[in-house]
Amino acid sequence: MRSWLRIGIVGAGALAVMIGPLLTAPASGQEQRRKVMVTNLVPRDGANDDFGKDLAKALRDHINDLATHQAVEEKEVRDVARKYDLDMDELDCVRSLQMSGQLGASIVFCGEYSENRQARTFTLTGVQFAHSSSAPLHIPDKTWPKDDYRIAAQEIAGMFGQFIDRLRRAVFCRDYYNTKEWASAEENCNLVLAQAPDDHQVRLVLAQVYRHTGRLEEAYAEVLRVIELDPLNEGALQLAGWLATTLGMKEEGRAHNAAYLELNPGNANIRMTIAYEIAQAGDPEGAMLLMEEGLEIEPDNTDLLLQHASFAIAAGQTLKVANQPLSAEAGVFYQKGSESYRRAYSVLGGEMSSDHLTQMIAALNDLNLLDRAVELAEQVLETHGEEAGLWYLKGSILNKLDRVNEALLSLDEAEARDPNYPNLKATQVQWLLAADREDEALPAALEAVEKGEQPADVIANLFFAKAASGGLTPRNYEYAIRLIEMAKTFEPELSSRVLGRLDYYLAVSKYQIAYVEQGPQTLQSAQLTLPKFKEVQQLMALPHVIDWLAGAQETQKKTYQQIVDGVVQLIPIQELLIQRGQ
């Protein structure tokens, strides 16, 4: 067996690596002539080998006349061929490409021919200029008289000039892409593809240009052409997966990613990179499935487990409805994520990052496994006790369990670790109000505003919401007044709109109480309610109340008018009762 077999038969991708980059720029400022390996065309079926040798020699002369290129000398080609026990007439295109790198050539002229002895002609077939990183230039099959090898070489040299111009355009296509000059890149890519529509590498660059200029559907169409031309093109498969997912074609995206990962099934880093990209493109479930395939290969890979957990929970979050329990479908994703976190934590323990630890506990919280979540939080805090966020999360879970005092202590622990942790006091206000501990909530509210955690309007609205639910709706107007006056504690910093609403409902509440109290129509009831009706009248006349009413609902405007009319009638009555009683 001849030793040339040791060279092996390689694919286009491997050839690109072996032969080198497309038209690499010279190392110095001086222009360097690029080498072209011109092989003697291979004679078939006993054809005379002189025609192939003579044509190659004449073509080398034409190439050597160029300022930009030079032909590798025949002796150099012969010497390299001998290393592999090859004769010159055995150098077909595959073997020539494999050898070209050793000669410093990025372009190879190769092919074969047959002879018609009776007609004294030679027919060229499969002749081409092949390049390491661009589509070849195929020379049309043609029959030549025996003595016309010089004419044939001259015609082929002319085609070589067009090929060089195409390669130059391909370089421009890539260079402009690299410098983000999208319009120039697109122009040059299209000029190349007009001559060589099967140049899948240039077509892939064009697809990227379309991607970066927001023309995703055009990019996807181009990258599908690339995959059709080169089904194993990793860059095209990866881009196709991202584009399909971004365009909402999740199944197509997953198919492209699966095809890509078939080429690298055991490479966890590549798998995680692809998964991250498709999750960012809007398919966290697809990312989760990629991780599951990886875990079938490496079930104990903690990186895969952590990523699987993260993507599973992200998939569940897309199905969450605010302030609603998890649906059964969302719960399945959360369960998967929680289990992967558990497995990873059993290996990593305290070495697990705080972000993943937080998400692990939060998953149990969302699954409403609150006791387990608290237990896990306490375990995690033994190794990550300085993480304010973990203390905050523990407090949130304790509050859901109505263990409010413990929850508040957890907030204190969070504040001790990070005094600037966001919304600690504002959260405390919410929890205390929910627990009907308004008097404790007010000092915390003042701190929240002073620290700049939330604007005064937001904090005041927390108290007003409590006033509405616990006072106005059940008609417990004394309670409503108490909470509204707490909200008005922040009056110097409140907006006119918020203050207008507070004073409106304060007037409504006071009016409702006074209206009941004036019922006996005695001296005592009149003395009690007259100042209240006058206060209501003053409140309803305030400019910020009038301004707020302009954007209020019709029922609120109607109530306003009824109260204004009511005090106009009731004030004189109370005054008359007082005058008679005296």
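Our structure is the block above this text.
**Description of the overall build of the protein**
Here is step 1: The number of helices and strands found in the protein is 26 helices and 7 strands.
Here is step 2: Its C-alpha atoms give the protein principal-axis dimensions of roughly 145 × 50 × 45 Å.
Here is step 3: Considering the protein as a whole, with its 582 residues, one finds that 48% of them fall into the buried category.
Here is step 4: Counting only contacts in the protein whose residues sit at least 6 apart along the sequence, the fraction spanning at least 24 positions is 59%.

**A short note on the state of the cysteines**
Here is step 1: Going through the model one piece at a time under the given rule, you end up with 2 disulfides.
Here is step 2: Here C93 engages in a disulfide with C110; their sulfurs sit 2.1 Å apart. When the S-S torsion is 105°, as for the bridge of C93 with C110, the disulfide is right-handed. Of this pair, C93 sits in helix α4 (residues 93-100) while C110 is found in strand β4 (residues 105-116), placing the two residues 17 residues apart along the sequence.

**As for the packing of helix α17 (residues 388-400) against helix α19 (residues 424-434)**
Here is step 1: At a minimum axis distance of 12 Å, the contact between α17 and α19 shows a crossing angle of 5°. Judged on the interaxial angle alone, α19 and α17 are roughly parallel. Mapping the contact onto sequence places Y392, G395, S396 and N399 in α17 and L424, T427 and W431 in α19.
Here is step 2: Considered class by class, the residues forming the contact of α17 with α19 number 3 nonpolar, 4 polar and no charged.

**Quick look at the packing of aromatic side chains**
Here is step 1: Scanning the entire structure with this criterion turns up 15 aromatic pairs.
Here is step 2: Measuring from ring centre to ring centre gives 5.7 Å for Y113 and F122, while their planes differ by 70°; the resulting arrangement is edge-to-face.
Here is step 3: An aromatic cluster is defined as three or more aromatic residues linked by ring pairs; in this entry it consists of F109, F129, F160 and F163.
Here is step 4: Its guanidinium or amino end placed over the ring of W242, R211 lies 4.2 Å from that ring's centre, counting from NZ or CZ.

**Comments concerning the pattern of salt bridges**
Here is step 1: In the structure shown here, the tally under the stated rule is 38 salt bridges.
Here is step 2: In this structure, the salt-bridge partner of R417 is E386, at a minimum N-O distance of 4.0 Å. On the criterion of sequence distance, the pair formed by R417 in helix α18 (residues 404-417) and E386 in the loop between α16 (370-381) and α17 is long-range, its members being 31 residues apart.
Here is step 3: According to the relative accessible area criterion, R417 is partly exposed, its value standing at 29%.
Here is step 4: Notably, a salt bridge pairs D436 with K466, separated by 2.6 Å at the nearest N-O pair. Highlighted residues: D436 in the loop between α19 and α20 (438-450) and K466 in helix α21 (residues 456-472), separated in sequence by 30 residues.

**Some thoughts on the nonpolar core**
Here is step 1: Ranked by internal contacts, the top residues of the largest apolar core, which has 137 residues, are V223, M352, I361, F463, F490, Y504 and M540.
Here is step 2: Ranked by residue count, the leading element in this core is helix α23 (residues 496-517), at 11 residues.
Here is step 3: Once residues lying within four places of it in the same chain are set aside, the contact partners of F490 are L442, A445, L446, V449, A456, I459, A460 and F463.
Here is step 4: Counting residues in hydrophobic clusters, the runner-up holds 31 residues, among them A47, A56, V127 and F160.

**Brief notes about the packing of helix α25 (residues 543-550) against helix α26 (residues 554-581)**
Here is step 1: Axis separation between α25 and α26 bottoms out at 9 Å; the angle between their running directions is 145°. Together, I546, W548, L549 and A550 of α25 and Q556, K557 and Y560 of α26 make up the contact between the two elements.
Here is step 2: Per-class residue counts for the contact of α25 with α26 are 5 nonpolar, 1 polar and 1 charged.

**Digging into the side chain of S410**
Here is step 1: Residue placement: S410 occurs in helix α18.
Here is step 2: Other than its neighbours up to four places away in sequence, S410 contacts W391, K394, G395 and L398.

**Topic: unusual backbone geometry**
Here is step 1: Unusually for a residue other than glycine, K180 sits at a positive phi of about 60°.
Here is step 2: One non-glycine residue, D402, lies in the positive phi region at around 65°.
Here is step 3: The residue D402 is located in the loop between α17 and α18 in this model.

**A short note on helix α14 (residues 328-348)**
Here is step 1: Its 21 residues give α14 an end-to-end C-alpha distance of 30 Å, which sits within 8% of 30 Å, the value for a rise of 1.5 Å per residue.
Here is step 2: Of the surrounding secondary structure, the elements contacted by the buried residues of α14 are α12 (284-297), α13 (302-317), α15 (354-366) and α16.
Here is step 3: The first or second residue beyond α14 is G349, which carries a positive phi of 55°.

**Describing the pairing of β4**
Here is step 1: Examined bridge by bridge, strand β1 (residues 34-38) and β4 share 4 bridges and lie parallel to one another. Within β4, the position partnered with K35 by the bridge is A105.
Here is step 2: Relative to β4, strand β2 (residues 42-43) runs parallel, the two being bridged by 2 bridges. Across the sheet, V42 pairs through a bridge with E112, a residue of β4.
Here is step 3: With 9 bridges connecting them, β4 and strand β5 (residues 121-131) associate as antiparallel partners. Its bridge partner lying in β5, I107 is registered against H131.
Here is step 4: In sequence, β4 turns back onto β5 through a hairpin of 4 residues, with R120 there showing a positive phi of about 55°.

**Here we look at the pairing of strand β6 (residues 134-138)**
Here is step 1: Where β5 meets β6, 3 bridges bridge the pair, whose relative direction is antiparallel. Directly across from F129, in β6, lies its bridge partner L137.

**A word on the side chain of D199**
Here is step 1: Looking at where D199 falls in the secondary structure, it is placed in the loop between α6 (182-195) and α7 (200-212).
Here is step 2: Other than its neighbours up to four places away in sequence, D199 contacts S134, A135, R166, V192 and L193.

**Overview of the environment of L409**
Here is step 1: Along the chain, L409 turns up in helix α18.
Here is step 2: Linking L409 and S509, residues 100 residues apart in sequence, is a C-alpha distance of 36 Å.

**Quick notes on α21**
Here is step 1: Along α21, the residues that are buried comprise A456, I459, A460, F463, F464, K466, A467, G471 and L472. For α21, the buried positions fall inside an angular range of 160° around the axis, keeping them on one side.
Here is step 2: Contacts from the buried residues of α21 go to α19, α20, α22 (477-487) and α23.

About the criteria used
- Residues numbered from 1 in each chain as written.
- Predicted model: local features only at pLDDT ≥ 70, side-chain atom pairs only at ≥ 80, totals over all residues.
- Heavy atoms only, no water.
- Helix = DSSP H or I, 4+ residues; strand = E, 2+ residues; numbered from the N terminus.
- Buried < 20%, exposed > 50% of the residue type's maximum accessible area, 1.4 Å probe, protein only.
- Contact = heavy atoms within 4.5 Å.
- Disulfide = S-S within 2.5 Å.
- Axes fitted to C-alpha atoms, helices over the stretch in contact; angles between N-to-C directions.
- Parallel < 35°, antiparallel > 145°, perpendicular 65-115°, else oblique.
- Nonpolar A, V, L, I, M, F, W, Y, C, P; charged D, E, K, R; others polar.
- Phe/Tyr/Trp six-rings, centres within 6.5 Å; stacked < 30°, edge-to-face > 60°.
- Lys NZ or Arg CZ within 6 Å of the ring centre and 35° of its normal.
- Salt bridge = Lys/Arg side-chain N within 4 Å of Asp/Glu carboxyl O.
- Core = buried A, V, L, I, M, F, W, Y, C linked by side-chain atoms within 4.5 Å.
- Expected span 1.5 Å × (residues − 1).
- Pairing = 2+ DSSP bridges.
- Arc of directions from axis to C-beta.

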